[in-house]
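Remarks on the overall topology
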Amino acid sequence: MDYNTFLPFLEIHERKICERLHISSVNDIKGPLIAIGGFAGVGKDTLAINLVKRFKSEFGLNLKISGAGSHIREYARREGYNGAKLDEFLQKIRDDEIFARDVDHFADKQTLSSALGMGQGIFIGRMAPFVIGKFGVSIWVTVDPQRRASRLINDGNRPEYGLSAEEVYSRIERR
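Residues numbered from 1 in each chain as written. Predicted model: local features only at pLDDT ≥ 70, side-chain atom pairs only at ≥ 80, totals over all residues. Heavy atoms only, no water.

Before going further, it helps to spend a moment on helix H7 (residues 145–153). Within H7, burial applies to Arg-148, Ala-149, Leu-152 and Ile-153. With its buried residues spanning 120 degrees around the axis, H7 presents them on a single face. Near the N-terminus of H7, the side chain that reaches the backbone nitrogen of Gln-146, with its oxygen 2.9 Å away, is that of Asp-144. (Buried < 20%, exposed > 50% of the residue type's maximum accessible area, 1.4 Å probe, protein only. Helix = DSSP H or I, 4+ residues; strand = E, 2+ residues; numbered from the N terminus. Arc of directions from axis to C-beta. Polar contact = N/O pair within 3.5 Å; in protein donor to acceptor, adjacent residues only side chain to side chain.)

Attention now goes to the environment of Arg-126. Following the sequence through the fold, Arg-126 ends up in the loop between strand E3 (121–124) and helix H6 (128–132). Residues Arg-126 and Ala-68, spaced 58 residues apart in sequence, show a C-alpha to C-alpha distance of 8.0 Å.

A word on the nonpolar core. Core analysis: the biggest nonpolar cluster contains 16 residues, and Ile-29, Leu-33, Leu-112, Leu-116, Ile-132 and Phe-135 have the highest contact counts within it. At the level of secondary structure, the elements contributing two or more residues to this core comprise helix H1 (11–21), strand E1 (33–37), helix H5 (97–118) and H6. Setting aside its immediate chain neighbours within four residues, Ile-29 contacts Ile-23, Leu-116, Gly-119 and Phe-135. With 11 residues, the next largest nonpolar core counts Val-52, Leu-63, Ile-122 and Ile-124 among its residues. (Core = buried A, V, L, I, M, F, W, Y, C linked by side-chain atoms within 4.5 Å. Contact = heavy atoms within 4.5 Å.)

Shown next as structure tokens:
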């Protein structure tokens, strides 16, 4: 079988999942598998919610949304970072490149496992289009950096909440 993910480190994981689920080709996926990627603040969640509504109304499909963020929070809990310590966990990701890679790889593996296990759904995350690869359809969302900054500072769930627009825009530019 050819590999369908676009991330080489996932090939072994992909093979094991496909063998366990008896997936020999992308034709064995009941689908649709939709991956939505993009940087913070571009509207990935909003797009996913609207797609769920559209697939329900037009095709009668009840697609579930799975976000990489839930896998990252799962990793945090495994490492002993509860909700109150989540900021410490995120700081460790920013400070420790190897730890950040481990967290990213965990989230990517879990995303692929969820996608193939569910066989259909919408998968959100910066790397989701690369994880899902040829198993589904990928959408990369972009938006003007100033709009991203505005969305981030107004979202109470984001660490950028309440910062100045100039500071957040500067961070976006550096990324």
